[in-house]
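What follows is each chain in one-letter form.
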Amino acid sequence: HISTTMHSYSTIIVAKCLLCFVVIINHKQGNYLGCAIVDSSHHVHPASYSFDDLVVRGLFVDKSLIVKEFMESECGINIVTRPRKWGKSVNLEMIKRFFEVEVSDIGIHRKISQRKNHFLFEGGEMELADGSSRMLRALNIASCSTSMKRLGMIPVILFKLSSAKGKNYKAVEDKLKKGIKDMYASHSYLKVYIGDENNMLNNTEKAQLARYFS
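The structure displayed is predicted, hence computed values, not measured ones.

J.: Before we move on, can you summarise the side chain of Ser64 with the specific residues and values?
T.: Within the element layout of this structure, Ser64 appears in the loop between helix H2 (51-56) and helix H3 (66-72). There is a polar contact of 3.3 Å between the side chain of Ser64 and the backbone nitrogen of Asn140. A distance of 3.0 Å separates the side chain of Ser64 from the backbone nitrogen of Ile141, its partner in a polar contact. Excluding residues within four positions of it along the chain, Ser64 makes contact with Met94, Leu139, Asn140 and Ile141.

Structure representation (structure tokens):
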């Protein structure tokens, strides 16, 4: 009975490693079970907006204290099972945004005043991409001083298995490889370590890193 029930659920795996926070999302097929109510006239599909968008638009249902729960958990790996469309992906994006180190296009750490996660969690007037600004309220996690010391301090790997679908093993394997390459592509500044003039990596390590940018 338990096995049958679990087939309609999605799974989140959160692993706290020595150097980074690893999040894996495994989506299973299921029925649409809910939506976020904006007002009495229309609804917002939870998959339509990212965590950042929901916070900026004032639509985010604040569950930021889950960050504190994960940090205080004595388990190295946390598995959360909930039906599809219950906000798992949004909350995992929130965890990624909370911990991730924000850097410029050339890999330099951004100043606090330039960090998007600073405004998303602590509130304040944030400049938007279109040049306008929006006053954001602080999320609940902002009142937890111990947790806030980790804001923007830990590298995060967020990997979604939902895109790795295929009719055979080879198709799934190819999509998994593409997903890994896409993750590296968002950190293109790492290419500087591949060059001959950089001695931080040995030749074997440079060759391994170069594979993900080819």
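J.: Before we move on, could you go through the pairing of strand E7 (residues 133-136) and cite the residues and values that matter?
T.: Where a strand is regular, its side chains alternate between the two sheet faces. Relative to E7, strand E6 (residues 124-127) runs antiparallel, the two sharing four bridges. In the sheet register, Gly124 faces E7, and the bridge partner there is Leu136. Where E6 hands over to E7, the hairpin turn is made up of five residues, of which Gly131 adopts a positive phi near 95 degrees.

J.: Please give an account of the nonpolar core that cites residues and values.
T.: Ranked by internal contacts, the top residues of the largest apolar core, which has 27 residues, are Phe51, Phe60, Phe98, Leu120, Phe121 and Ile141. Secondary-structure elements contributing two or more residues to this core are H2, H3, helix H4 (88-99), helix H5 (116-122) and strand E8 (156-160). Ignoring anything within four residues of it in the chain, the contact list for Phe121 reads Phe51, Met94, Arg97, Phe98, Ala138, Leu139, Ile141, Ala142 and Leu151.

J.: Can you explain the pattern of salt bridges? Please cite residues and give values.
T.: In a structure, side chains of opposite charge can pair up when their charged atoms sit close to one another. Counted according to the given criterion, the structure contains ten salt bridges. Notably, a salt bridge pairs Glu100 with Lys96, separated by 2.7 Å at the nearest N-O pair. Its relative accessible area of 16% is what places Glu100 among the buried residues. Between Arg97 and Glu102 there is a salt bridge, with the nearest N and O atoms lying 3.7 Å from each other. One network of salt bridges, in which partners are shared, links Asp52, Lys96, Arg97, Glu100, Glu102 and Lys116.

J.: Quick rundown of the layout of surface pockets? Include the residues and the values.
T.: Counted as a void, the largest pocket has a volume near 980 Å³. Along its surface, the largest pocket is lined by 30 residues, and Val156, Ile157, Met183, Ser186 and His187 are the ones closest to its centre. Tallying contributions element by element places helix H7 (residues 169-185) first for the lining of the largest pocket, with seven residues. When the residues that make up the lining of the largest pocket are grouped by side-chain class, the tally is 14 nonpolar, eight polar and eight charged. Both of domain 1 (11-162) and domain 2 (166-213) provide at least three residues apiece to the lining of the largest pocket. In this structure, the second largest pocket spans a volume of roughly 370 Å³. Along the wall of the second largest pocket there are 17 residues; nearest its centre are Lys116, Met126, Glu127, Leu128 and Ala129. Listing elements by their share of the lining of the second largest pocket, those giving two or more residues are H2, H5 and E6. Taken together, the residues of the lining of the second largest pocket sort by class into five nonpolar, two polar and ten charged.

J.: Give me the side chain of Asp52: which residues, what numbers.
T.: Structurally, Asp52 is set in helix H2. Within polar-contact distance, the side chain of Asp52 engages the side chain of Arg97 at 2.6 Å.

J.: How would you summarise H4 if you had to cite specific residues and measurements?
T.: The end-to-end C-alpha distance of H4 is 17 Å, a good match for the 16 Å that twelve residues give at a rise of 1.5 Å each. Counting buried positions along H4 gives nine out of twelve residues, so the element sits mostly inside the fold. Of all the positions in H4, only Lys88, Val90, Asn91, Leu92, Met94, Ile95, Arg97, Phe98 and Phe99 are classed as buried.

J.: Give a detailed account of the packing of aromatic side chains, specifying residues and quantitative values.
T.: In the structure shown here, the tally under the stated rule is five aromatic pairs. Taken together, a centroid distance of 5.1 Å and an interplanar angle of 80 degrees make the contact between Phe98 and Phe99 edge-to-face. Looking at Phe99, the relative accessible area reads 1%, which means it is buried. Taking 4.2 Å as the distance between ring centres and 10 degrees as the angle between the ring planes, the aromatic pair formed by Tyr184 and Tyr212 counts as stacked. In this pair, Tyr184 sits in helix H7 while Tyr212 sits in the segment after helix H8 (203-211), placing the two residues 28 residues apart along the sequence. The class for Tyr184 is partly exposed, based on a relative accessible area of 27%. The rings of Phe51, Phe60, Phe98, Phe99 and Phe121 are connected pair by pair, giving a single aromatic cluster. The ring of Tyr212 is capped by Arg211, whose NZ or CZ atom sits 6.0 Å from the centre of that ring.

Thresholds applied
Residues numbered from 1 in each chain as written. Predicted model: local features only at pLDDT ≥ 70, side-chain atom pairs only at ≥ 80, totals over all residues. Heavy atoms only, no water. Helix = DSSP H or I, 4+ residues; strand = E, 2+ residues; numbered from the N terminus. Polar contact = N/O pair within 3.5 Å; in protein donor to acceptor, adjacent residues only side chain to side chain. Contact = heavy atoms within 4.5 Å. Pairing = 2+ DSSP bridges. Core = buried A, V, L, I, M, F, W, Y, C linked by side-chain atoms within 4.5 Å. Buried < 20%, exposed > 50% of the residue type's maximum accessible area, 1.4 Å probe, protein only. Salt bridge = Lys/Arg side-chain N within 4 Å of Asp/Glu carboxyl O. 1 Å grid on protein atoms, 1.4 Å probe; cavity = no way out; pocket = protein on both sides within 12 Å on 5 of 7 lines; lining within 4 Å. Points joined across faces, edges and corners; volume = space filled by probe spheres on them. Nonpolar A, V, L, I, M, F, W, Y, C, P; charged D, E, K, R; others polar. Domains from an automatic or database assignment. Expected span 1.5 Å × (residues − 1). Phe/Tyr/Trp six-rings, centres within 6.5 Å; stacked < 30°, edge-to-face > 60°. Lys NZ or Arg CZ within 6 Å of the ring centre and 35° of its normal.

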